[in-house]
Each structure stands twice: as C-alpha cells, then as structure tokens.
Amino acid sequence: MNAEVLLDDAGREVLLTGNEAVARGALEAGVNYAASYPGSPTAEILEALAQAQKLYPDRLYTEWSVNEKVAMEGAAAASFAGLRSLTIMKCDGLNVAFDFLTSLGLSGTRGGMVIAVGDDPSAHSSAKEEDSRYLGRLAHLAIWEPADSQQAKEMVKAAFDLSEQMGQPVMLRLTTRVCHAATNATLGPLPKGPAPQAIIAPTDKFITWIEGHKAQEERLLGAVQVANRSNFNRYLGPDQPEILVVACGPSFHYAHEAVEELRAKAEDWGLGSLNGIGILQLATAWPLPEELLLGYLKSARQVIVLEEIEPFVEDYLLGLVARNSSTLGQTVVYGKHSGHVASSNGIGLGELNPELVYRAIAKAIAPGALAPVASTATPSSKPSEAGEQPSFPGRDLAFCAGCPHRASFWALRSALELDGRRGIILGDIGCYSLAKGRTGFNAFQTMHAMGSGAGIASGLGQLWRFGFSQPVVAVVGDSTFYHAVVPALINGRYTQSNFLCIILDNQTTAMTGHQPHPGTGGGAAGDPLPPVPMEQIISGLGLPFTILDPFDIPKATAGIYAALQQPGVQILILRQTCALIATKREIRPEVYVDPDLCRGYNCSCFNFCSRVFACPGNIWDDQRGVASIDQSVCNRCGVCISLCPAGAIKTRTEEDVSHEQLAS
C-alpha cells in the first residue's frame, strides 16, 4: 500500500490510485467502520483502511467479512448507531447484498453510509461484466461516479454528507481504470479527537415497511436538487453548445483529449473550428440533474453519451429529451444504441479508452472521416488510427507455477477416469475458476456465482430417481466455503442428496491478494483472531470429511475415487498452501531434469510434463530435445517428479550440489 494515503499533511499533493483515494477520502470524512469481502477492482480500499486502523484503533474498525451481505449489514449497524460507515464490494458482491440493500433503503440510516461498488468493464479480473448502476437505481439510491483520484477522494467525503442529509446510503460507482490508475490528489486534514459515541436511542427505529417507499421518492427529489448544483458535474465549452458530449467516469478525460485532437484536424476535414462542442462530466449518474442537462440541451442539436458497459445514462437522457421535445426541438442522441459508442468487444459492451472515445466523437460529427475499427475479442488490444490491429501471440490463462490447484484437478480428472461413469465437475468463482481452461484440464461443466457449484450439485444429486447416474463433484475454495457454500451443504444433507464437495484449501483468499478469511486466524489489520476451522463446521453439519495433500497425487486420486463410491454428501479437503505464500515461508530443494534420464522424443509420454501438465515451470528444450525446468518461475512443489514416467525429474539436495562442485 502507498504510505502517502495515511500522511497527516494537509495540502500536500500526492499520487494515489482511485482505490487509495477512496480510502483517504473516507479517512478525511471520519469513517469509523469499514467492511468488505475482497473482490477486484476494489480490494485495495479496505487494505488501505486496515493499515489506518493500526494508527487510529480508537477511531476506526475494519473487517474482511464472510460475504458482502454481512459486510453491508455490519456497516448499516454502525450507521444506525450514528457512526460513519463504508462498505466495499465488486458488482457481483452487490448481487449478494442486494436483498438487504433494498430493505435498507426503505428503513433508512442515520450516520453517513457509503457503498463503494467496483464495476469491471471488459471483465479484466472477473467472470463477467455487470453495470451496478441498475441495482443502485432499483434500490432508490443516489449514485455518483468519479473520473479520477482527486474527485474520488472528494466525492467520498461529500457522499457521507449527502447520506446523512438524505437518511439513506449513497452509492459510489467505481470502474477498473479509476480504481487502478494513479493520478494526483491533494490531501485534506484528518479528523482529530475521539470517535463519536455509538448509541441507538429507544426512539430510533430502522424498520422496512411500505410507507418507507414514499419517503425514498421524496429523498430522491432532494438528491436531484443536490445533483443540479453539484460541482462534480464539470463542464468545458461554450455556454450554448451546438454539440454536447455527456461523459461518465474516466470518459470525461478521454473526451477532453479527443476533442482537442479533433479540433486540430477539423480544418482538414472541412468542419470549421469545432468551438461549438461542450463536454459535460455527468458525475451524478442517478438521479439525473435534469435542470442542469436541459440548460445545455436547449442549444445542442447533437448529444454524444460516453459511458462504460450499459447505456444507462443514454436511456434516461433519451427519455428526458423525449419528454421535453416541444421545447427542445429535434435533438439527435448518439451512443451505444446508435452504434457510435463501441468498446473493443463491440457495441453496447465493455470498457472505453481514449482511442475509442476519439472514434466515437469523430463518427458522430464527421461520418466517414475515419477507417472502421475491426471488432476484437482481446480487450487489451488497442487499434491504431488507421484501424489496424497490433498482433500479439496468444497466451493461455494459467495457474501459477507450483499452484496446488493444478495437482488437485489432475488428481480429480484421474479419479473420474478410474471411476468410468462420466462424472461431472461443477466449478465456482476464485483462482480455481481457471480450471475451465487448459491449465485445469478443461474440468468445469458449470461455473456461475460463489457457492452455486455446491447448490447445483445438491440438485443434480436428487436426479437419481430420473435415471441420472453420473457422479457429481462440486469444487469450491476455502474462502468461498465460508462465503456461500455452507447453506448448500445443509440443503444437501437435509434432503439426502448425493454429491462430493471438494474444498481446495490454500489457506488464503488468493485471487484478490491473500486477504484473510474466518479459517485463517487473522483480521484485516493483521491482528490475531481465533480461526473458525472448516472441519468443525462440517462436523457440526454431520457430514463425513477427509483431508488430503493434493501434492501427493496417488493418495489424492485414491481418496477422491473412494469418496465417489459413497452415497450422500461427502466432503474432501485438499489442503496445500498457496504457492505464492509457501515460497516465502520455506526454502524447498531445487527441482531439475536429469538430461541423461529424460527420454526426450523417444518417451511414450510425448512430452507430458510440458504438453499436458503444463505448469509454467515445465518447459521443453528444443535444442537438446529433452524436458527442462524454468528455474526463474518454478516454485519447487515437486509434483511433476511423481508424474515423470522416466524418473528424470529430481530434486537437487545440498549434498548433490557439493558432489557436483567437487566433480567440477
């Protein structure tokens, strides 16, 4: 974490990512309670606040909660008691918490409560892309979206104020580029003195009931007036623009660059000066600042809407134009519906960037001036101005070298082959979701949301009465087990379903940066906490379980095979520390290939270690025609040693090194 997030040096300008800026803004606003479940692109916000807790233990509590709903419920509790609270999650997590959120908006809150939600346009680190603004709108929340770090920091502070003014949470929508890009931000003062006393008076009531709906609508009308006056809605251009660009989030900066570039080329295209273009950053995404927008729409005959993922603002803007057509006259709105605004993945999808925004504006004001952009499925590929696509070699998404998940899926595949009944493997969300591809031997036949694999397994396990005879295996991670798997196991045991649940326990929440979970025995700020062992939970459910080491592939395979033969719900824990943590804890012997033993192209395995097992540490030496180990990435797990039919892969002990030195 950037230590400047915590500097008590008001007025100093520092470089912060959007996530760090949100954390800093919350600190400057006097946040007292912050809770989250780790998810990209917003995982670093709570990590920064957890470091702040170490400095201000009497003012701030932070928590990695068991899931997003519990995180939001805890933050709401702090708000009920008059404290300022922040809860952070990615868009998928908002789905988990949504039932409570819709009730919370009706019951209202007391202390300022901000919900920071990270959307991942183009799904850089997610299974899917989802636009959380629709859920915020459905929950009747005010939704704000910053364009850079400075604005994110200030917006969090203002969101706490608005939350207390409205008596309900305010949602901050963050997108990947804002979360991870670093821009300058000026530090404000940190609050001094003791934290406010948390208290809920006998007259305080926070109850969900139908009368709250009317109050919600009235509160939103107040939010409209705040939005109309908000300085976060920045405008660049003439007072009466002929063309209005409405830009959300980072698209505001992309549009500024694009318009400047287009003005430089306008004369060559016969477009005049283009001084009639205005750019409005729409930071208050919901409710819309209608008075502000109508002020610019009176003169603008063309409107271009720039936003990431879905045409959320575009739809409501079209409605606003239609409702005011008698006074506005004919106004053309360009965006995702018209096809003018398209991401690298296509129209109505994904993330924008400066090049795509340049093309969108140019296409609207100067049709035919640019060559068409070819659609590409590679989000990171950036088209040149001439429409040419750079060519990059393809690369599989893969487990890390030495990742225990690779060994687990190999053992699982082997056991199912031995079983011979065409067993199916149900996946889940986490590092192990990569098992849907080659690195996990294309294992998964389903993959949806956290905990869904076990729930689907519970259903499939009831289909024996309809002739379904295939073994069913749900694969979940250790953090996912605590997050969402336990209810499915209860359901499976109670209904006497038949399936095997394999828990890949790498003793951390690896995918998002090794955050703790209830089984690890540590808090968000590194403080020791008594763990809640999964074995005790499973025993409490009355389910049988076995613990095995996936690196011992023969025993792991035999254990999985044996569990497949048993009726009812079976639990198998494959426990081995995440490779990235294990290499820091212990020094393992070097793994190498003895070239004198490797049979090379003459071996019946046909380069199994690099071709099939495909650990990044296993490579093929074309010049010598033998297998080799890439020592720069090998984490020395030693699993490939047990898989080599020629016994050519070995560990090099200190004694071996001494002998080699003497021999040389």
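Caption draft 1: Spotlight on the packing of helix H6 (residues 149-166) against helix H8 (residues 211-229). It is the contact of H6 with H8, at a shortest axis distance of 10 Å, that shows an interaxial angle of 145°. Crossing of H6 over H8 shows right-handed handedness. For the pair H6 and H8, contact is made by Leu162, Gln165 and Met166 and by Arg219, Leu220, Ala223 and Val226, respectively. Residue classes in the contact of H6 with H8 are distributed as five nonpolar, one polar and one charged.

Caption draft 2: Representation of the side chain of Asn228 within the structure. In this fold, Asn228 is placed in helix H8. Of note is the side chain of Asn228, whose polar atom sits 3.5 Å from the backbone nitrogen of Glu290. Looking at Asn228, its side chain comes within polar contact range of the main-chain nitrogen of Glu291, at 3.2 Å. Not counting chain neighbours up to four residues away, the residues in contact with Asn228 comprise Pro289, Glu290, Glu291 and Leu292.

Caption draft 3: Local environment of the packing of aromatic side chains. Applying the stated rule across the entire model yields 17 aromatic pairs. Seen from their ring centres, Phe608 and Phe613 are 6.5 Å apart, and the 25° between their planes marks the pair as stacked. Taking the relative accessible area as the measure of exposure, Phe613 reaches 4% and is therefore buried. A network of ring pairs unites the aromatic residues Tyr134, Trp286, Phe312 and Tyr316 as a single cluster. We note Arg652 situated over the ring of Tyr592; from NZ or CZ to the ring centre the distance is 4.0 Å.

Caption draft 4: Spotlight on the environment of Val626. By the secondary structure assignment, Val626 is in strand S24 (residues 626-629). Owing to a relative accessible area of 7%, Val626 belongs among the buried residues under this scheme. Here Val626 is in contact with Pro595, Cys598, Gly600, Trp620 and Asp621, once residues within four sequence places are set aside.

Caption draft 5: Spatial organisation of the pattern of salt bridges. All told, the structure shown has 33 salt bridges when counted by the stated rule. Between Asp131 and Arg133 there is a salt bridge; the shortest N-O distance is 2.7 Å. Here Glu290 and Arg323 are joined by a salt bridge, their closest N and O atoms 2.9 Å apart. Here Glu290 is found in helix H10 (residues 290-297), whereas its partner Arg323 is found in helix H11 (residues 312-323), with 33 residues between them in sequence. Put simply, Asp119, Asp131, Arg133, Glu145, Arg173 and Glu307 are held in one network by salt bridges that share partners.

Caption draft 6: Summary view of the pairing of strand S11 (residues 277-281). Counting buried residues in S11 gives five out of five residues, a clear majority hidden from the surface. Burial of S11 is two-sided: the residues Ile277, Ile279 and Gln281 facing one way and the residues Gly278 and Leu280 facing the other way are all buried. Strand direction decides the pairing type here: strand S9 (residues 235-236) and S11, joined by two bridges, are antiparallel. Across the sheet, residue Leu236 finds its bridge partner in S11, namely Ile279. As defined by bridge partners, strand S10 (residues 243-247) adjoins S11 across five bridges and the pair is classed as parallel. From the neighbouring strand, Val246 faces S11, where its bridge partner is Leu280. Where the polypeptide runs from S10 across helix H9 (residues 251-269) and back to S11, its parallel neighbour, the crossover connection is right-handed.

Caption draft 7: Summary view of the nonpolar core. If you look at the biggest cluster of nonpolar residues, it comprises 96 residues, and the most contacted ones within it are Leu49, Met72, Leu86, Leu244 and Leu297. Tallying contributions element by element places H6 first for this core, with seven residues. The contacts of Met72, once residues within four sequence positions are left out, are Thr87, Met89, Leu94, Ala97, Phe100, Leu101, Met113 and Ile115. Residues Ala415, Tyr482, Val486 and Val639 belong to the second largest nonpolar core, which totals 59 residues.

Cut-off values and rules
- Residues numbered from 1 in each chain as written.
- Predicted model: local features only at pLDDT ≥ 70, side-chain atom pairs only at ≥ 80, totals over all residues.
- Heavy atoms only, no water.
- Axes fitted to C-alpha atoms, helices over the stretch in contact; angles between N-to-C directions.
- Helix = DSSP H or I, 4+ residues; strand = E, 2+ residues; numbered from the N terminus.
- Left-handed = near helix turned anticlockwise from the far one by under 90°.
- Contact = heavy atoms within 4.5 Å.
- Nonpolar A, V, L, I, M, F, W, Y, C, P; charged D, E, K, R; others polar.
- Polar contact = N/O pair within 3.5 Å; in protein donor to acceptor, adjacent residues only side chain to side chain.
- Phe/Tyr/Trp six-rings, centres within 6.5 Å; stacked < 30°, edge-to-face > 60°.
- Buried < 20%, exposed > 50% of the residue type's maximum accessible area, 1.4 Å probe, protein only.
- Lys NZ or Arg CZ within 6 Å of the ring centre and 35° of its normal.
- Salt bridge = Lys/Arg side-chain N within 4 Å of Asp/Glu carboxyl O.
- Pairing = 2+ DSSP bridges.
- Right-handed = clockwise from strand over helix to strand, strands pointing away.
- Core = buried A, V, L, I, M, F, W, Y, C linked by side-chain atoms within 4.5 Å.

Interpretation in functional terms is not warranted from these geometric data alone.
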